2 protein chains.
Amino acid sequence: MARLIGVVGGMGTDAGIDLLKKIAGNTPAVKDQDHLPVIMISKPASILDRTEYLFGEVDVNPGFAISSVANELAKAGAELLAIPCNTAHVPEIIGIVENKLAPGMRIVNMIEEVGKYIADNFKVVKKVGILGTNGVYRSGVYDQYLYDYDIVTVYPNEVDQFGKVHPSVYDPFYGIKAVSNPVSDRSVADLLYVSEDLIERGAELIILGCTEIPLALTEDMVFGVPLIDANNVLAKALVRESSGSA
Amino acid sequence: MARLIGVVGGMGTDAGIDLLKKIAGNTPAVKDQDHLPVIMISKPASILDRTEYLFGEVDVNPGFAISSVANELAKAGAELLAIPCNTAHVPEIIGIVENKLAPGMRIVNMIEEVGKYIADNFKVVKKVGILGTNGVYRSGVYDQYLYDYDIVTVYPNEVDQFGKVHPSVYDPFYGIKAVSNPVSDRSVADLLYVSEDLIERGAELIILGCTEIPLALTEDMVFGVPLIDANNVLAKALVRESSGSA
């Protein structure tokens, strides 16, 4: 029997849906009945913005609302917990979910899986670029998992991070959270510009460390360098853990 | 407060995900918190194929498994029930869900909404073509809802239905349920061929009456005639009923 995958949706809504799509895409299936069991609860109004919390712009830690959804998922029988939001994996936030986790449920940690995935599949890579929200940028959440594999990180400079990368996701007029079908040209152009800079500064691979960014950078490579979609790595890990396949 | 939308996923998995995407696409939102609350439970292994049941190829009515998921959704607080599968709306199947529906939950009926949508938006249309599974074909489920609006239906001939339309969804090698990213050229070509025939026989509009077919026919029109995506009409109705907007 496959283990029931529980997904905390709504962070953002597109990223949750994108994860479901990638779980299905990574599952060998020729008929409906071959797909893995998944439950997603998306209650976006109740989950405050993760980056705003990390920057002190809102008071309540979104970890509490995420934890409450996680517990609803556990009550509905989910054994594996997926949180398709990189910023939510900052220890200050995910720590609350871990502390209140229902017995019998296990978090499949997206950032940890990305670390493993790079170590397994890109053995020569020693320096990776990170494109993420300001929350991911400031927290250095990726560094701790990549450190175990002797991989160092390179981030955009502050002007590019605050003026290009973060707004490409959050700008109310052209950011991916506001405009995703299709994504705005400006978001794509700004993310490409910063990717090129990361590569010039030595990045041998770029992690798309915000679940909205793969909606803008949809290819496997950029300027000859692999792009790692953290949401897709999480999907692969969920398929492996749910089905028991390797 | 927005009403919680409950989605029975897994019929197929792509159609459930497609509905979530269309709910998000029909919701005015500039930030995560603006999106509507949705819960989807997808337990595809437990829900037998709807068309196979209608043709006597499997014994157990899939309505029982759908109803059990509906009740799990109700237990998790869902007030509106969405079943993103046209064939599941055949009275023999959905009747079971209706009879066992939890108090406080209401089905937003996809076929009924398509009837209303055509009557409201295409007032001059009197004859519509139906592309669906063999189950939808044989049951005439669309006819009963369109009859109220004086709209008649035109279906593919049996050779095209059994040899082209149904296999475009179900064929284990090239059908949409097996190959959806991207859909096979053969599925697209066969569906276009039959669409043209329906138009020659008087269809002024074509209903994509299987939730997988819009993955193959992705435009709004075909040969100058509007295509109505039943899943998108259902999404619009869910947004209206959840948010209380018109």
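Coordinates for the structure precede this section.
Please read these numbers as outputs of a predicted model, since none were measured by experiment.

Undergrad: Would you mind going over the sheet that holds strand β4 (residues 106-107) of chain A with me for this structure?
TA: Consider a sheet: its strands pair through backbone hydrogen bonds, and that pairing is either parallel or antiparallel. With mixed pairing, the eight strands of this open sheet are ordered in space as β4(A)-β3(A)-β1(A)-β2(A)-β2(B)-β1(B)-β3(B)-β4(B). In this open sheet, the two edge strands, each paired with only one partner strand, are β4 of chain A together with β4 (106-107) of chain B. Of the pairings in the sheet, the one linking strand β3 (residues 80-82) of chain A to β4 of chain A comprises two bridges and is parallel in character. Considered in β4 of chain A, the bridge of L80 of chain A is made with R106 of chain A.

Undergrad: Whenever I open this one, the interface of chain B and chain A confuses me. Can you help?
TA: In many analyses, interface size is given as the accessible surface area lost on bringing the parts together. If you look at the interface, chain B gives 33 residues, while chain A gives 34 residues. Buried area between chain B and chain A, both sides added, is near 2,600 Å², and the carbon and sulfur share of it is 55%. A per-residue breakdown of the area chain B buries against chain A is headed by I17, D32 and Q33 of chain B, which together make up 23% of the total. K177 of chain B is the partner of D32 of chain A in a salt bridge, and the nearest nitrogen-oxygen pair spans 3.0 Å. Applying the counting criterion to the chain B and chain A interface returns nine residue pairs in polar contact (both at pLDDT 80 or more). At the level of elements, α1 (13-25) and β2 (38-42) of chain B are the ones that each hand at least two residues to the side of chain B that touches chain A.

Undergrad: Got a minute to help me understand helix α5 (residues 110-121) of chain B in this structure?
TA: An α-helix turns once every 3.6 residues. As a result, residues three or four positions apart point the same way. Residues and elements named next belong to chain B. Taking 1.5 Å per residue, 12 residues should reach 16 Å; α5 reaches 16 Å between its end C-alpha atoms and fits that length. Considered for burial, the residues of α5 that qualify are M110, I111, E113, V114, G115, I118 and A119. Contacts from the buried residues of α5 go to α7 (141-147), β7 (206-208), β9 (225-229) and α10 (230-243). Capping the start of α5, N109 holds a side-chain oxygen 3.0 Å from the backbone nitrogen of I111, two or three residues further along.

What counts and how
- Chains are numbered independently. Their residues run from 1 in the order of the written sequence.
- Labels are handed out in written order, letters beginning with A for the chains and numbers beginning with 1 for the ligands.
- Predicted model: local features are reported for residues with pLDDT of at least 70 only, side-chain atom pairs are reported and counted for 80 or more only, and whole-chain, interface and lining totals are derived from all residues.
- Side-chain numbers here rest on the full set of heavy atoms in the structure, without hydrogens or water.
- At least two bridges found by DSSP between two strands are what make those strands a pair.
- The secondary structure listing takes helices from DSSP runs of H or I that are at least 4 residues long and strands from runs of E that are at least 2 residues long, numbered from the N terminus.
- Contacts between residues were defined by any pair of non-hydrogen atoms, one from each residue, lying within 4.5 Å.
- By definition, the buried area sums, over both parts, the 1.4 Å-probe accessible area that each loses when the two are put together.
- For this analysis, a salt bridge means a side-chain nitrogen from Lys or Arg found within 4 Å of a carboxyl oxygen belonging to Asp or Glu.
- Two N or O atoms count as a polar contact when they lie within 3.5 Å, although within protein this holds only if one can serve as hydrogen donor and the other as acceptor, and sequence-adjacent residues are included solely when both atoms are side-chain atoms.
- Given the number of residues in a helix, its expected span is that number minus one, multiplied by 1.5 Å.
- Relative accessibility under 20% of the residue-type maximum defines a buried residue, over 50% an exposed one, and the middle range a partly exposed one, all with a 1.4 Å probe and only protein chains included.

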